[in-house]
Amino acid sequence: MTAIRSLALGTALALAPAATVASAQTISDIGVSADFSAAQGANALDFWPDLETDLEARLARELADRMGSDGARLQVIVNDVSVDGSAILTADGAFNSLSGGVFLYPAPEADGTQQTPFTTSVTVVGVPDLPAEIPAGGPTYLILPSDATVYDVMLDRFAEVVSERLPPAM
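Cut-offs used in this document
Residues numbered from 1 in each chain as written. Predicted model: local features only at pLDDT ≥ 70, side-chain atom pairs only at ≥ 80, totals over all residues. Heavy atoms only, no water. Salt bridge = Lys/Arg side-chain N within 4 Å of Asp/Glu carboxyl O. Helix = DSSP H or I, 4+ residues; strand = E, 2+ residues; numbered from the N terminus. Buried < 20%, exposed > 50% of the residue type's maximum accessible area, 1.4 Å probe, protein only. Phe/Tyr/Trp six-rings, centres within 6.5 Å; stacked < 30°, edge-to-face > 60°. Core = buried A, V, L, I, M, F, W, Y, C linked by side-chain atoms within 4.5 Å. Contact = heavy atoms within 4.5 Å.

J.: Help me understand the pattern of salt bridges, please; the structure alone is not making it clear to me.
T.: Once their charged atoms are close, side chains differing in charge can pair, the charge on each being opposite to the other. Evaluated as defined, the whole model comprises five salt bridges. Here Asp152 and Arg58 are joined by a salt bridge, their closest N and O atoms 2.7 Å apart. Taken together, the positions of Asp152 in helix α3 (residues 147–165) and Arg58 in helix α2 (residues 51–62) put the pair 94 residues apart, joining distant regions of the chain. Notably, a salt bridge pairs Arg58 with Asp156, separated by 2.7 Å at the nearest N-O pair. With Arg58 in helix α2 and Asp156 in helix α3, the pair connects residues that are 98 residues apart, well separated along the chain. Overall, Asp156 belongs to the partly exposed group, its relative accessible area being 25%. Through salt bridges with shared partners, a single ionic network connects Arg58, Arg61, Asp152 and Asp156.

Shown next as structure tokens:
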């Protein structure tokens, strides 16, 4: 990856929600796992061994107003941490893409009936240099990067997009 002078973070819709939850629920449990089995040689966890724990903490902070004791279960499966499309990170562990699936499993109904989970996917991409023109229509975050800063911003933005995509609290 070329030297980064500035970083603009954006998001891309990978999939529209496959199903919606009849009514939004509180969230009682958040789980994050990383599954890079589809990318031979993926080494993100060698550089970022706390990825799952760190993202789970970011999600908990972002969704604090939705947390409750008897709610839905949120599961996020990170399936891509890559640099310029390669799942094999270089010696500094830098990456510019973070993707995963998001699954919100509603709490069972009183009669034990389980609703179809809400599903979506999230991709956050770091742009190595500012484009000549910044597109309108969404927030743009500019940072002076370091490996740790990029990691933190990528995880924070991923959590924000998850929160934005979940059915709204009622």
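J.: How should the packing of aromatic side chains be read in this particular structure?
T.: Each pair of aromatic rings is reported with the distance of its centres and the angle of its planes. For the coordinates displayed, the defined rule picks out four aromatic pairs. Taking 4.3 Å as the distance between ring centres and 10° as the angle between the ring planes, the aromatic pair formed by Trp48 and Tyr151 counts as stacked. One end of the pair, Trp48, is in the loop between α1 (44–47) and α2; the other, Tyr151, is in helix α3, with 103 residues separating them in the sequence. The two residues Trp48 and Tyr151 agree in class, both being buried. Look at Phe95 and Tyr151: their rings are 6.4 Å apart centre to centre, the planes differ by 85°, and that puts the pair in the edge-to-face class. Residue Phe95 is found in the loop between β3 (72–82) and β4 (97–105), and its partner Tyr151 is found in helix α3; the two are separated by 56 residues along the sequence. We note that Phe95, like Tyr151, is buried.

J.: Looking at this structure, how should I read the nonpolar core?
T.: Buried together is how nonpolar side chains tend to be arranged in soluble globular proteins. By size, the foremost hydrophobic cluster in this structure holds 34 residues, and its most contacted members are Leu51, Leu74, Val76, Val78, Val81 and Leu166. Elements that contribute at least two residues to this core include exactly β2 (27–34), α2, β3, β4, β5 (118–127) and α3. If sequence neighbours within four positions are ignored, Val76 has contacts with Gly31, Val32, Ser33, Leu55, Leu59, Gly101, Val102 and Phe158.

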